Amino acid sequence: MKIALIIACVGHIVCGITDCMLAYLKNGRFEFSDVKDNKKMQKVFEGASLKQIELAMLIGVFALFLAAFGYTAVSRMICENSPVVGNIMLGASLFFVVLISSHHALCGATEWFYVRLGRTGDALEVILDFFKRTSPVAIAYMGLLVFDILLFIMVVTGKTDLPRWACVFNTLPAFLILAPTKIPAKGNIANAFMFLGLAILL
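Described in the following lines is the structure provided in the data block.

What counts and what doesn't
- Residues numbered from 1 in each chain as written.
- Predicted model: local features only at pLDDT ≥ 70, side-chain atom pairs only at ≥ 80, totals over all residues.
- Heavy atoms only, no water.
- Helix = DSSP H or I, 4+ residues; strand = E, 2+ residues; numbered from the N terminus.
- Rg over C-alpha atoms; globule rule 2.2 N^0.38 Å.
- Contact = heavy atoms within 4.5 Å.
- Areas by Shrake-Rupley, 256 points an atom, 1.4 Å probe, with all protein chains shown as cover.
- Buried < 20%, exposed > 50% of the residue type's maximum accessible area, 1.4 Å probe, protein only.
- Disulfide = S-S within 2.5 Å.
- Expected span 1.5 Å × (residues − 1).
- Axes fitted to C-alpha atoms, helices over the stretch in contact; angles between N-to-C directions.
- Parallel < 35°, antiparallel > 145°, perpendicular 65-115°, else oblique.
- Left-handed = near helix turned anticlockwise from the far one by under 90°.

Here we look at the overall build of the protein chain
Across its full length, the protein chain holds 8 helices and 2 strands. The order of α-helices and β-strands along the protein chain, N terminus first, is α-β-β-α-α-α-α-α-α-α. Radius of gyration (C-alpha) of the protein chain: 18 Å, near the 17 Å computed for a compact globule of 202 residues. Along the first, second and third principal axes, the C-alpha set of the protein chain runs to 55 × 25 × 25 Å. Of the contacts formed within the protein chain by residues at least 6 apart in sequence, a portion of 71% connects residues at least 24 apart. Looking at the protein chain as shown, the accessible area adds up to about 10500 Å², and 70% of this sits on carbon and sulfur atoms.

Shown next, in the form of structure tokens:
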């Protein structure tokens, strides 16, 4: 159990690093709002390394695979007290991991094609169309939300072996604290925090 949680923590840390590799390029940080102005996009992506984007995509997907160990371990722990809730959490977390891995790769692919196609106005139009058509995979976050809410309820109501205050080791409250900040990879930081806290307690 503890090893699986630590592996998941490391997985989310590594995935967070790959998020930064996609966001922080040679000429600055890429903000999604930049897509409204191709001149800004051209400036940010000038000299961008395709190798960096490729590595970010591939390593990020592998890191999310590692994270699956933690979600599975927590779901199995909950199954000991409530098989129904535990299995729902397992299904929700696997739904999240599979789709978010696709989302991570698709986001990287969007940047890769923009650079490869020459950072032109036509290239921007193509990648925006591609992003819009593949954006439904972002529904993956619903799986994570279900997992986090059920875990919070199970811990705070005392239906696990964890102390009730351990409900703070949860992605949802951690992300809400980080959301107003400009810290990158907020979701991965929040997830890593959850798994680290649970690993220390269990």
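A short note on the side chain of threonine 18
Within the secondary structure, threonine 18 sits in helix 1 (residues 2-23). Among the residues examined, threonine 18 registers a relative accessible area of 1% and is labelled buried.

A look at the environment of aspartate 161
Tracing the backbone through its elements, the reader meets aspartate 161 in the loop between helix 6 (140-156) and helix 7 (171-178). Linking aspartate 161 and glutamate 80, residues 81 residues apart in sequence, is a C-alpha distance of 10.0 Å.

Section: the state of the cysteines
Counted according to the given criterion, the structure contains 0 disulfides. Lacking any disulfide linkage, cysteine 9 is separated from the closest cysteine sulfur, that of cysteine 15, by 13 Å. Cysteine 9 gets classed as buried once you look at its relative accessible area, which sits at 8%.

What about helix 4 (residues 83-116)?
For helix 4, which comprises 34 residues, the first-to-last C-alpha distance of 49 Å matches the rise-based estimate of 50 Å (1.5 Å per residue) to within 8%. Following helix 4 by one or two positions, glycine 118 adopts a phi angle in the positive range, close to 95°.

Observations concerning the packing of helix 3 (residues 50-79) against helix 8 (residues 186-201)
For the pair helix 3 and helix 8, interaxial distance at closest approach is 11 Å and the crossing angle is 50°. What the angle tells us is that helix 3 and helix 8 run oblique. Crossing handedness for the pair helix 3 and helix 8: left-handed. Contacts from Ala67, Gly70, Tyr71 and Val74 of helix 3 reach helix 8 at Asn191, Met194, Phe195 and Leu198.

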